[in-house]
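# Notes for the structure review
Read off the chains here:
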Amino acid sequence: MNIDFHRLPAGYRSQAVRDDGVTVRVPGFDRKHEVPHDLAHFAAEYGFGEARGFWGSVAAGAMFGGMEVVAGRRRPHAAERSRAVIRANAERIGNAEALASTVHEAFADGLGAGAATRRLARHWASIHTDPCPYGAADMTRACALLTDLSVRWKAVAPGGILTLDWDLPVEHPATARRTHRHP
């Protein structure tokens, strides 16, 4: 999947061209950070190898609120598959939000990977009973990627685009692949 991050005069929006040929637009809601939140999502999910977070779910066919199809033709039962992907990935999508927020805050606050990893462990413990499965190496990779992407983003002029490849494996939940059989 290719993801275009469009720099607008005030903010940004993202557009993803999925492997099924459908192009979806994702509105950018945050305006408080120098680096777009959805770009931090990309860095965190990619850096942590989270293939079933927000961007992985979009690649698998999920349509979240505010998203719209801008090109291509959705397959039959696409809405049903979208709901199945979101349902199957719900916990991982929530985890990806925690990862993205932590990486984004670490970047904005100038924290190193060690401090960011401790922050993530505290956040994880507030919502999970199991220990945080992510370590300093994961955080280092995600923070380094966001640092690189922030430099690239700053170089994009208003009206310009930063294009990234989402090449983590797309995981389609079994329930999302079911098709209806007609008698």
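Here, every reference points to the structure presented above.
So, here's what we can say about the structure. (Residues numbered from 1 in each chain as written. Predicted model: local features only at pLDDT ≥ 70, side-chain atom pairs only at ≥ 80, totals over all residues. Heavy atoms only, no water.)

### A few points about the nonpolar core
Residues F5, F42, F48, W55 and V58 are the most contacted members of the largest nonpolar core, which totals 47 residues. With seven residues, the single largest contributor to this core is helix α5 (residues 136-154). Among residues more than four places away in sequence, those in contact with W55 are M1, I3, F5, S14, A16, V26, D38, H41, F42, E45 and W166. (Core = buried A, V, L, I, M, F, W, Y, C linked by side-chain atoms within 4.5 Å. Buried < 20%, exposed > 50% of the residue type's maximum accessible area, 1.4 Å probe, protein only. Helix = DSSP H or I, 4+ residues; strand = E, 2+ residues; numbered from the N terminus. Contact = heavy atoms within 4.5 Å.)

### Regarding the pattern of salt bridges
Summed over all chains, the structure comprises eight salt bridges. Between E50 and R92 there is a salt bridge, with its nearest N and O atoms 3.0 Å apart. Placement of the pair is E50 in the loop between α1 (37-48) and α2 (54-59) and R92 in helix α3 (residues 78-109), with a sequence separation of 42 residues. E50 gets classed as buried once you look at its relative accessible area, which sits at 2%. Owing to a relative accessible area of 28%, R92 belongs among the partly exposed residues under this scheme. Where D138 meets R141, a salt bridge forms, and the shortest distance between an N and an O atom there is 2.6 Å. You can see D138 and its partner R141 sitting in helix α5, three residues apart, about one turn around the helix. Given the relative accessible area of 17%, D138 is considered buried. For R141, a relative accessible area of 43% corresponds to the partly exposed category. Residues joined by salt bridges that share partners form a network here, namely E105, D109 and R119. (Salt bridge = Lys/Arg side-chain N within 4 Å of Asp/Glu carboxyl O.)

### Digging into the sheet that holds strand β5 (residues 161-165)
Taking strand neighbours across the sheet as the criterion, the five strands line up as β4-β3-β2-β1-β5 in an open arrangement whose pairing is antiparallel. Two strands close off the open sheet at either side, each with one partner strand: β4 (68-71) and β5. Within this sheet the neighbouring strands show an average axis-to-axis angle of 25°, counted without direction. Contacts from α1 reach β1 (2-8), β2 (11-17), β3 (23-27) and β5 within the one sheet, and its direction differs from that of β5 by about 20°. (Pairing = 2+ DSSP bridges. Axes fitted to C-alpha atoms, helices over the stretch in contact; angles between N-to-C directions.)

### Notes on the side chain of R18
Its location among the elements puts R18 in the loop between β2 and β3. Among the polar contacts listed, one links the side chain of R18 to the side chain of D20, at a separation of 2.8 Å. Those residues in contact with R18 that sit more than four places away from it in its chain are M1, V24, V58, A59, G61, A62 and M63. (Polar contact = N/O pair within 3.5 Å; in protein donor to acceptor, adjacent residues only side chain to side chain.)

### Here we look at the packing of aromatic side chains
In this description, a pair of aromatic rings is defined by centroid distance and the angle of the planes. Enumeration over the complete set of coordinates arrives at eight aromatic pairs. Ring geometry for F5 and W55: centres 6.0 Å apart, planes at 75°, overall edge-to-face. Remark: W55 occurs in helix α2 and F5 occurs in strand β1; sequence separation between them is 50 residues. Like W55, F5 is buried. Between the aromatic rings of F42 and Y46, the centroid separation amounts to 5.4 Å while the plane-to-plane angle is 10°, which identifies the pairing as stacked. Here F42 and its partner Y46 are both found in helix α1, four residues apart, which amounts to about one turn of the helix. By relative accessible area, which is 3% here, F42 ends up buried. (Phe/Tyr/Trp six-rings, centres within 6.5 Å; stacked < 30°, edge-to-face > 60°.)

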